[in-house]
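Fold and contact review
Given next are the chains, with one letter for each unit.
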Amino acid sequence: MADAAFLALTVITIGSAIAALEMRSLIYGSIALMGTLGGIAGFFFLLDAPFVALFQLAVYVGSIAVLILFTVMLVKRELIFKKIEDRRRKFAGIGLMLIIMVSLGAVFLDSGIKTITTDEPPVDFRDIGTDFVIYYWPALILMGLILAGSVTGALILARREDVENDQRVS
Amino acid sequence: MTNELVDFTLVSVALLAIGIYGLAVKRNFIRMLFAVEIIINAANLNLVAFGRFLPHAGGQTLALFSIAIAAAEVAVGLSLIIVAYRMYQNVDIADFRSLKG
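What you see is a predicted model; the values in this text were computed from it and never measured. (Residues numbered from 1 in each chain as written. Chains lettered and ligands numbered in written order. Predicted model: local features only at pLDDT ≥ 70, side-chain atom pairs only at ≥ 80, totals over all residues.)

Quick notes on the overall build of chain B
When helices and strands are tallied, chain B shows three helices and zero strands. Along chain B, helices (α) and strands (β) appear in the sequence α-α-α when read from the amino end. Against the 2.2 N^0.38 benchmark of 13 Å for 101 residues, chain B shows a C-alpha radius of gyration of 17 Å, more extended than a compact globule. For chain B, the C-alpha atoms occupy an extent of roughly 50 × 25 × 20 Å along the three principal directions. Considering only intrachain contacts with a sequence separation of at least 6, the fraction spanning at least 24 residues in chain B is 41%. (Helix = DSSP H or I, 4+ residues; strand = E, 2+ residues; numbered from the N terminus. Rg over C-alpha atoms; globule rule 2.2 N^0.38 Å. Contact = placed C-beta atoms within 7 Å.)

Looking at the interface of chain B and chain A
Facing the 65 residues of chain B at the interface are 75 residues of chain A. Of all elements in the fold, only α1 (5-25), α2 (29-53) and α3 (58-88) of chain B reach the threshold of two or more residues within the side of chain B that touches chain A. No other element matches α3(B), which puts 20 residues into the side of chain B that touches chain A. Each residue belonging to the side of chain B that touches chain A can be placed in one class, and the counts come to 44 nonpolar, 13 polar and eight charged. (Nonpolar A, V, L, I, M, F, W, Y, C, P; charged D, E, K, R; others polar.)

Some thoughts on unusual backbone geometry
Cis geometry marks the peptide bond from B:L54 to B:P55; its omega dihedral reads -25 degrees. Positive phi values are uncommon outside glycine, yet A:D48 reaches one of about 60 degrees. Inspection of the secondary structure puts A:D48 in the loop between α2 (26-46) and α3 (50-74). Note on A:D48: 19 C-beta atoms within 10 Å, which makes it partly exposed. (Buried ≥ 20, exposed ≤ 12 C-beta atoms within 10 Å, placed from the backbone.)

Quick look at the structure:
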């Protein structure tokens, strides 16, 4: 049986996920997305994974959501408040969402997942550190390279050469 | 634990469905990125939940990798949005049809 904190987090997470997609303003939408990401961090706390929860708060709520907010601010004012969607497509999308929710939910409720419970102590976060250093160190290095490569690629993509030239002329 | 694995899985299914709705309905590039983020978070929630109930450290380790890779994906996605916006002065994906080649 779920407790009150779980139910509150569920309402916050799912409510703000819907708000992020449905709010007219993109700025409020990105703030609502922060609520979803924070709610997921709350679920991680409930699952006795404080290290992942703090990582989620630092990376997602702290940096990604702020990055998205700044990108939204770079877009023209009328585009921030303009909602672009097709009415028929919206109803089809809601139907698709309900079909996925009901069918996948029924599959999970019918499966053996319901019987899985645990009274064992949670995984110690020091074990995660040990795993990282002993088993996953090549993946860790690869991940660092991918992150560096993607950030460099993003910088190169977003660079504006014409602005530099304009400044040089003036 | 008072909460069961199936509770977390159902929340994750709901988030996945909302994300797919966003990808199917929205034509705004930024909102589609929101939907992708919601789907990735649903997957992370599943990883940590299964890792807690097995119990195994692998779930949390994979979730950490997934969060880091998602950060890279968002950085590239946002820079693509900025480039596309600069080219088309719009964030409607219907305007980006010329990208099809």
